[in-house]
Amino acid sequence: MDETMVDRRSSFEYEDLLACGRGELFGGGNAQLPLPPMLMFDRIVEISETGGANGVGLVRAEFDIRPDLWFFPCHFQGDPVMPGCLGLDALWQLTGFFLGWLGLPGRGRALGVGEVKFSDQVLPTTKLVEYRVDFKRVFKTKLKMGIADGQLIADGKPIYEVKDMRVGLFQA
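A. Quick look at the overall build of the protein chain. When helices and strands are counted, the protein chain shows three helices and seven strands. When the helices and strands of the protein chain are placed in sequence order, the string is α-α-β-β-α-β-β-β-β-β. Relative to its 172 residues, the protein chain shows a buried fraction of 49%. Restricting to contacts in the protein chain with at least 6 residues of sequence separation, those with at least 24 account for 66%. Carbon and sulfur atoms make up 52% of the accessible area of the protein chain, which amounts to about 8,600 Å² in all. Within the protein chain, one finds 19 positive and 23 negative side-chain charges whose respective centroids are separated by 7 Å.

B. Up close: the nonpolar core. Core analysis: the largest hydrophobic core is formed by 47 residues, its most contacted members being Phe41, Ile44, Phe97 and Tyr131. Only α2 (14-21), β1 (43-48), β2 (58-64), α3 (84-101), β5 (128-140), β6 (144-154) and β7 (157-170) provide two or more residues apiece to this core. If we ignore the near neighbours within four places in the chain, the residues touching Ile44 are Ser11, Phe12, Leu17, Val59, Arg60, Ala61, Leu94 and Phe97.

C. Region of interest: the side chain of Arg60. Along the chain, the position of Arg60 falls in strand β2. Looking at Arg60, the relative accessible area reads 18%, which means it is buried. Look past the residues within four positions of Arg60 in its chain and what remains in contact with it is Ile44, Val45, Glu46, Tyr131, Arg132, Val133 and Asp134.

D. Inspection of the side chain of Ser48 at higher detail. Structurally, Ser48 is set in strand β1. Judged by relative accessible area, which is 17%, Ser48 ranks as buried. Among the polar contacts listed, one links the side chain of Ser48 to the backbone nitrogen of Thr50, at a separation of 3.2 Å. In this structure, Ser48 is in contact with Gly57, Leu58, Phe98 and Trp101, ignoring residues within four places of it in sequence.

E. Structural view of the packing of aromatic side chains. Applying the stated criterion to the full structure yields eight aromatic pairs. Each ring, one from Phe41 and one from Tyr131, has its centre 6.3 Å from the other, and the planes form 70°; the classification is edge-to-face. Taken together, the residues span a long stretch of sequence, with Phe41 in the loop between α2 and β1 and Tyr131 in strand β5 at a distance of 90 residues. Exposure class is identical for Phe41 and Tyr131. Each is buried. Three or more aromatic residues joined by ring pairs make a cluster, and in this case those are Phe12, Phe26 and Phe97. Of note, Arg8 hangs over the ring of Trp101, and the distance from its end group to the ring centre comes to 4.5 Å.

F. Representation of the environment of Trp70 within the structure. Following the sequence through the fold, Trp70 ends up in the loop between β2 and α3. With relative accessibility at 38%, the residue Trp70 sits in the partly exposed group. Remark: the alpha-carbon pair of Trp70 and Gly150, spanning 80 residues in sequence, is separated by 24 Å. Setting aside its immediate chain neighbours within four residues, Trp70 contacts Pro37, Met38 and Leu86. Polar contacts involving the side chain of Trp70 include one to the main-chain carbonyl oxygen of Pro37, which spans 3.1 Å.

G. Main features of the pattern of salt bridges. According to the stated counting rule, one finds twelve salt bridges in the structure shown. Where Asp16 meets Arg9, a salt bridge forms, and the shortest distance between an N and an O atom there is 2.7 Å. For Asp16, a relative accessible area of 19% gives the class buried. In this structure, Glu24 engages Arg22 in a salt bridge whose closest nitrogen and oxygen atoms are separated by 3.0 Å.

The rules behind these values
Residues numbered from 1 in each chain as written. Predicted model: local features only at pLDDT ≥ 70, side-chain atom pairs only at ≥ 80, totals over all residues. Heavy atoms only, no water. Helix = DSSP H or I, 4+ residues; strand = E, 2+ residues; numbered from the N terminus. Buried < 20%, exposed > 50% of the residue type's maximum accessible area, 1.4 Å probe, protein only. Contact = heavy atoms within 4.5 Å. Areas by Shrake-Rupley, 256 points an atom, 1.4 Å probe, with all protein chains shown as cover. Lys, Arg positive; Asp, Glu negative; His and termini not counted. Charge placed at Lys NZ, Arg CZ, Asp CG, Glu CD. Core = buried A, V, L, I, M, F, W, Y, C linked by side-chain atoms within 4.5 Å. Polar contact = N/O pair within 3.5 Å; in protein donor to acceptor, adjacent residues only side chain to side chain. Phe/Tyr/Trp six-rings, centres within 6.5 Å; stacked < 30°, edge-to-face > 60°. Lys NZ or Arg CZ within 6 Å of the ring centre and 35° of its normal. Salt bridge = Lys/Arg side-chain N within 4 Å of Asp/Glu carboxyl O.

Okay, here's the thing in structure tokens:
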């Protein structure tokens, strides 16, 4: 195991995520998370280069749902629900974070997703959203890209399933 793996952190609190959003975690010009309100999770509870369903890496994160979150009043008035695209974006955010955490250079960009299935919704009564990203492949050559499957779990129930998310890192 190389020394960077020994020193690499396996979890991140909210202030760490904000530092990443300001470009302070992985250095200028490298992967950044969006800042609130577009940051769609509160903490990364586990990140590993060797775990996950395929042994290629994993990220686990959590988002505390509150009825006063910014998207509920406008999506939809009188029928509040978290937009599905925000949950998908969170999974892309975590995929890009993983690539930066690996030390790969470049700014992250979502490149696509193979399949998305929604079987339920995140409501203002939901308490906790968990995100799970399981990497299938990580390219560390001239092409820097992660391919992963993901899940959004609301109060213990899997409700979003995504296959073959792709995020790449690009240098200016």
